[in-house]
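Below, each chain spelled out in residue letters.
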Amino acid sequence: MSFIRGKQMVASTSVASVSISSLPDAIKNGESLASLRRMVVGELEYTTIQQQPGKYLAVDCEMVGVGINGAESSLARVSLVNYHGAVIMDEFVLQRERVVDYRTEFSGIRPTDMINAKPFVEVQEKVAQLLKDRILVGHAVHNDLKALLLSHPRHQTRDTQLEAKKHKLTRSSRPALRHLVQQELNIVIQSGEHSSVTDARATMAVYRIHRKVWDKGHPPLSSTISSGKKRKRTPSSDHESGSEDEDRPASKTSSHNTKQFPGGGRKGVSSGLSTVTRHTGKSSIGHGSSNLETKNAWWKELGNGSSGSKGSLRMKFG
């Protein structure tokens, strides 16, 4: 098996070495399990239409260890895939602090991956733009959003861990992704080094199997968006998408009817950047601020150590 690491293809133990072609195919809730397995392991080829972001994006992040004994987690890789499993974004994040533990046996990250890594703010803004007006799919997705310092509207979020618990797919109240994938697709992931691309695809696969049921508890995306223009569709694009309406961008009404709210944006739609407060307490940047230059200037100042910190974005590790 292999997975995408930047621009390279690297052997992966993220998916157990078993021939998925030997597994029996079945149709579950309108989805071919054989096709979903191939999506997870990266064996599908995509049309131009299927490589577009579409309506749904699945996210997964990998962390490295910083601080004393590498006990604190710092965001190191972010991957986004679309409904079909095509990679929309896969970026490594430049570290502001010395990495004590790359956690390669779990994260799959190595020092060489940091050569072309991008600054956190650049990665964060790219993710925020991609997620705007789209449904975010993730497993325990609050952890990914916390690492990215982002928020996303609840009605536009699908958490496979929460949905699995709600609909009693397993006995566990917090089922692990690998357990859900083994149960629903009969394949093993995370048997060695993790790949955020593989895990994002696996999350999307689990969601697709149960999408029709899980979406019943959420309003249609088209009813929650009130600006922009509806994209024209052609019979060929419908055919190539390989689905009915699950990956169609949400229809939108005229922008002149949009109600504006303080700080920009629209009610119920995340502007992307979460609240960030300086530890000195001297200033803060509010959620939804439209002044990205101010935010970038703050991050630059933080990176220069003006507040006595190196500005690393990190969390306590388990």
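Residues numbered from 1 in each chain as written. Predicted model: local features only at pLDDT ≥ 70, side-chain atom pairs only at ≥ 80, totals over all residues. Heavy atoms only, no water.

K.L.:
Provide a residue-level description of the overall build of the protein, including the pertinent values.
P.N.:
Across its full length, the protein carries nine helices and twelve strands. Taking all contacts inside the protein whose residues are at least 6 apart in sequence as the whole, residues at least 24 apart take part in 67%. Approximately 16300 Å² of the protein is accessible, and the part contributed by carbon and sulfur atoms is 50%. (Helix = DSSP H or I, 4+ residues; strand = E, 2+ residues; numbered from the N terminus. Contact = heavy atoms within 4.5 Å. Areas by Shrake-Rupley, 256 points an atom, 1.4 Å probe, with all protein chains shown as cover.)

K.L.:
Give a description of the nonpolar core that names residues and reports values.
P.N.:
Counting residues in hydrophobic clusters, the biggest one holds 30 residues, and the most contacted among them are Val181, Leu185 and Met204. Ranked by the residues each element gives to this core, the list is headed by helix α7 (residues 196-214), at nine residues. Once residues lying within four places of it in the same chain are set aside, the contact partners of Met204 are Met39, Tyr56, Leu57, Ala58, Val81, Asn82, Tyr83 and Val137. Core analysis: the second largest hydrophobic core is formed by 23 residues, Leu75, Val123, Leu131 and Leu136 among them. (Core = buried A, V, L, I, M, F, W, Y, C linked by side-chain atoms within 4.5 Å. Buried < 20%, exposed > 50% of the residue type's maximum accessible area, 1.4 Å probe, protein only.)

K.L.:
Pulling in residues and values, what's your account of the pairing of strand β7 (residues 87-92)?
P.N.:
Within β7, five of the six residues are buried, which leaves it mostly tucked inside the rest of the structure. In terms of strand pairing, strand β6 (residues 72-82) meets β7 through five bridges, oriented antiparallel. In the sheet register, Leu80 faces β7, and the bridge partner there is Met89. (Pairing = 2+ DSSP bridges.)

K.L.:
Describe the confidence of the model for the protein, listing the residues and the values that go with them.
P.N.:
Mean pLDDT over the protein stands at 77; residues scoring 70 or higher make up 64%. This model gives residues 1-13 a pLDDT under 50, and the stretch forms 40 contacts once residues within four places in sequence are excluded. (pLDDT = per-residue confidence, 0-100.)

K.L.:
Break down the side chain of Thr160 for me, with residues and values.
P.N.:
Looking at the secondary structure, you find Thr160 in helix α5 (residues 160-166). The class of Thr160 is buried, set by a relative accessible area of 1%. Sequence-distant contacts of Thr160, defined by excluding residues within four places in its chain, comprise Val137, Gly138, His139, Leu180, Thr203, Val206, Tyr207 and Trp214.

K.L.:
Explain the packing of aromatic side chains residue by residue, including any values.
P.N.:
Considering all chains together, one arrives at three aromatic pairs under this definition. Taken together, a centroid distance of 5.4 Å and an interplanar angle of 40 degrees make the contact between Tyr56 and Tyr83 tilted. You can see Tyr56 sitting in strand β5 (residues 56-66) and its partner Tyr83 sitting in the loop between β6 and β7, a full 27 residues away along the chain. There is no split in this pair, since Tyr56 and Tyr83 are both buried. Taken together through their ring pairs, the aromatic side chains of Tyr56, Tyr83, Tyr207 and Trp214 make up a single cluster. (Phe/Tyr/Trp six-rings, centres within 6.5 Å; stacked < 30°, edge-to-face > 60°.)

K.L.:
Give a detailed account of unusual backbone geometry, specifying residues and quantitative values.
P.N.:
The phi angle at Asn69 is positive, at roughly 60 degrees, despite the residue not being glycine. Of note, Asn69 is situated in the loop between β5 and β6. You can call Asn69 exposed: its relative accessible area is 70%. You will see that Ala140, though not glycine, has its phi angle at about 50 degrees, which is positive. Among the secondary structure elements, Ala140 is positioned in the loop between β8 (135-138) and α4 (141-148). A relative accessible area of 9% means that Ala140 is categorised as buried.

K.L.:
So what's going on with α7? Which residues, and what values?
P.N.:
An ideal rise of 1.5 Å per residue puts 27 Å on 19 residues; α7 reaches only 23 Å between its terminal C-alpha atoms. At Arg208, α7 is bent by approximately 45 degrees, the largest bend along its length. Across the 19 residues of α7, 17 count as buried, placing the element largely inside the fold. (Expected span 1.5 Å × (residues − 1). Bend = angle between axes of the 7 residues up to and from the residue.)

K.L.:
Which residues make up the environment of Glu122, and what values go with them?
P.N.:
Position of Glu122 among the secondary structure elements: in helix α3 (residues 120-131). Taking relative accessible area as the criterion, Glu122 reaches 41% and is therefore assigned partly exposed. Glu122 sits 29 residues away from Val93 along the chain, and the two C-alpha atoms are 9.0 Å apart.

K.L.:
Explain the pairing of β6 to me, using residue names and the numbers behind them.
P.N.:
The buried count for β6 comes to eleven of eleven residues, which makes it a mostly enclosed element. Alignment of β5 against β6, held across ten bridges, turns out to be antiparallel. Counterpart to Leu57 in the pairing with β6 is Asn82. Between β5 and β6, which follow one another and run antiparallel, lie five residues, and Gly67 among them has a positive phi close to 75 degrees. Hairpin connection of β6 to β7: four residues between the antiparallel strands, including Gly85 at a positive phi of 90 degrees.

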